[in-house]
Amino acid sequence: MTTADATQARSSPGNSGGWQTIGHAAARLYLRRAHEAGRVAHAYLITGPDQVGKRTLAMDLARLVNCTPAQDMFGDDAPPPCGSCAPCDRISRNVHADIKVIDPHTPIRGLSSGTRESTPEQDAARTLISIGHIREMQHDVSLNPFEGGRRVVIFDGADRMSPDGAGWNALLKTLEEPPEKVVIVLLAPSADSLPQTVVSRCQLIELHAVPNEEIERGLIERGGADPETAAQLARLAGGCPGRAFAALNDETTLDRYRQAVLRVLVTSAGDVEERFRYANEMAREFGRNRELVSRELELWTSIWRDILLLKHGAADSVANITWTGSLSDAAAAVNADDPRQAIEAIAKAADGLRRNGMPRVVLEVLMLELPVIPPEIVEAIELGEADEPSDGGWDDPAS
Ligand SMILES: [Zn+2]
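What counts and how
Residues numbered from 1 in each chain as written. Predicted model: local features only at pLDDT ≥ 70, side-chain atom pairs only at ≥ 80, totals over all residues. Heavy atoms only, no water. Helix = DSSP H or I, 4+ residues; strand = E, 2+ residues; numbered from the N terminus. Buried < 20%, exposed > 50% of the residue type's maximum accessible area, 1.4 Å probe, protein only. Contact = heavy atoms within 4.5 Å. Areas by Shrake-Rupley, 256 points an atom, 1.4 Å probe, with all protein chains shown as cover. Core = buried A, V, L, I, M, F, W, Y, C linked by side-chain atoms within 4.5 Å. Donors = N, O, S within 2.8 Å, 3.2 Å for Na, K, Ca; no water. pLDDT = per-residue confidence, 0-100. Axes fitted to C-alpha atoms, helices over the stretch in contact; angles between N-to-C directions. Parallel < 35°, antiparallel > 145°, perpendicular 65-115°, else oblique. Left-handed = near helix turned anticlockwise from the far one by under 90°.

Novice: Can you help me understand the overall build of the chain in this one?
Specialist: The secondary structure content of the chain amounts to 18 helices and five strands. Burial statistics for the chain: of 399 residues in total, 46% are counted as buried. A sequence separation of at least 24 residues applies to 71% of the contacts in the chain between residues at least 6 apart. When the accessible surface of the chain is split by element, carbon and sulfur atoms take 50% of a total near 20000 Å².

Novice: Even after reading the chapter, I still don't get the nonpolar core, so can you show me in this structure?
Specialist: Nonpolar side chains tend to gather and get buried jointly when the protein is soluble and globular. In this structure, Leu265, Trp300, Trp304, Ile307 and Leu366 are the most contacted members of the largest nonpolar core, which totals 39 residues. Residue assignment for this core shows that the elements contributing at least two residues are helix H12 (251-269), helix H13 (272-288), helix H14 (290-311), helix H15 (324-333), helix H16 (338-354), helix H17 (359-369) and helix H18 (375-382). Per element, the largest residue contribution to this core is eight residues, and it comes from H14. Residues in contact with Trp304, not counting those within four places in the same chain, are Val334, Asp338, Pro339, Ala342, Ile343, Ile346, Leu370, Pro371 and Ile373. If you look at the next biggest cluster of nonpolar residues, it comprises 26 residues, including Leu31, Ile154, Val185 and Cys240.

Novice: It is not clear to me how the coordination of the zinc ion should be interpreted in this structure. Could you clarify?
Specialist: Octahedral metal centres with six donors ideally show angles of 90 or 180 degrees, and tetrahedral centres with four donors ideally show 109.5 degrees. Protein coordination at the zinc ion comes from Cys67 (SG), Cys82 (SG), Cys85 (SG) and Cys88 (SG), with a distance range of 2.2 to 2.3 Å. Along the chain, the residues donating to the zinc ion are arranged with the sequence spacing C-x14-C-x2-C-x2-C. Of this pair, Cys67 sits in the loop between helix H3 (54-66) and helix H4 (86-92) while Cys85 sits in the loop between H3 and H4; the two residues are 18 residues apart in sequence, bridging distant segments of the chain. Given a relative accessible area of 13%, Cys67 falls into the buried group. For Cys85, a relative accessible area of 5% gives the class buried.

Novice: Please explain the confidence of the model for the chain as it appears in this structure.
Specialist: Parts of the prediction with low pLDDT should not have their coordinates interpreted in detail. Residues with a pLDDT of 70 or more make up 90% of the chain, whose mean pLDDT is 88. Across residues 1-15, where pLDDT falls below 50, the model places 10 contacts with residues more than four positions away in sequence or in other chains. Low pLDDT, under 50, characterises residues 386-399; the predicted model gives this stretch 30 contacts beyond four residues in sequence or across chains.

Novice: Please explain the packing of H14 against H16 as it appears in this structure.
Specialist: Each pair of packed helices gets described by two things: the angle between the helix axes and the distance between those axes. Running from amino to carboxyl end, H14 crosses H16 at an angle of 165°, the nearest separation of the two axes being 9 Å. The angle between H14 and H16 falls in the class roughly antiparallel. Considering the relative orientation of H14 and H16, their crossing is left-handed. Where H14 approaches H16, its residues Arg290, Val293, Leu297, Trp300, Thr301, Trp304, Arg305, Ile307, Leu308 and Lys311 are matched on the opposing element by Asp338, Pro339, Ala342, Ile343, Ile346, Ala349, Ala350 and Leu353.

Written as structure tokens, this is what we have:
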């Protein structure tokens, strides 16, 4: 391979060099161009759903602006972020003195006036970014970077700022008069979740769902996943690589997922009594763990979406691929309009729960509105005649 070939290979779309971000090619290109032109902004706001890759992109940006490119085997400088030079390596290991990630649980060191060192109990209990965090950030950015590059401060969950306004005002002051050699990166679900005065001081980078194939490739190349596991996890991740990687590193995730699918299918085939029992359990769970109930409703949606796709012969796009056989049977058995009605009813229930409607009533109404999947289809699964996944295997028995 010639040097030109090597350069070509490095810049091909499939080769992300030292970037750790999965997908988001446009955002990476935008930051790379800004860096090459010496126009990296003082403040960025990266928005997007949970686990879509906001924090990873922010860390890539930290590596990008601090990289001292190592030479590759051809004697060329690897394009930053190279991922292997000393600053890149230190940032990856979270030991770089000039890179700081602040979330509500970040300890307050008590270095700046007006803040006091926090205890681990206080850190664990804190649910918002406090004025103490902002004051410490201001103290830090007033100093020259220790390691000679650029200081990068990342606020993970910038929307979770203490509501009294003091935190925002202090942050705004820094954004209005940005110190040299400092990049502030705010991470939030959407620009709407921050005051407009703050948003207008930042370059906005919006991240959207990553295509399944890119997540799948990332799981294989970076996570060491086998192709079948990668395919299933990528489809379950809903466009969010972080979810897929978390599941890859936690074997119980797949097991919990299988149990949840069975629970949803059994409930779908159940009579009113059985469905109300399920609604009650979920309503009780809602009091303890809202997130879990919201994920369960996402699973209901994904199953009815799959049934809808299978009704239209779009088997390639099914999310719950291990269950394709049973869901095909269900698709053949339900009425043409059932999947759409089901998806609408689930969306309405999710909305009702968000608006703090009475969870038990909301979920009981949902159970009454959801179409019935014929019990024999679910009984076949329970008897192991259909899609019962083999131990650890992700073979699609329908194929
Ligand atoms: Zn580097």
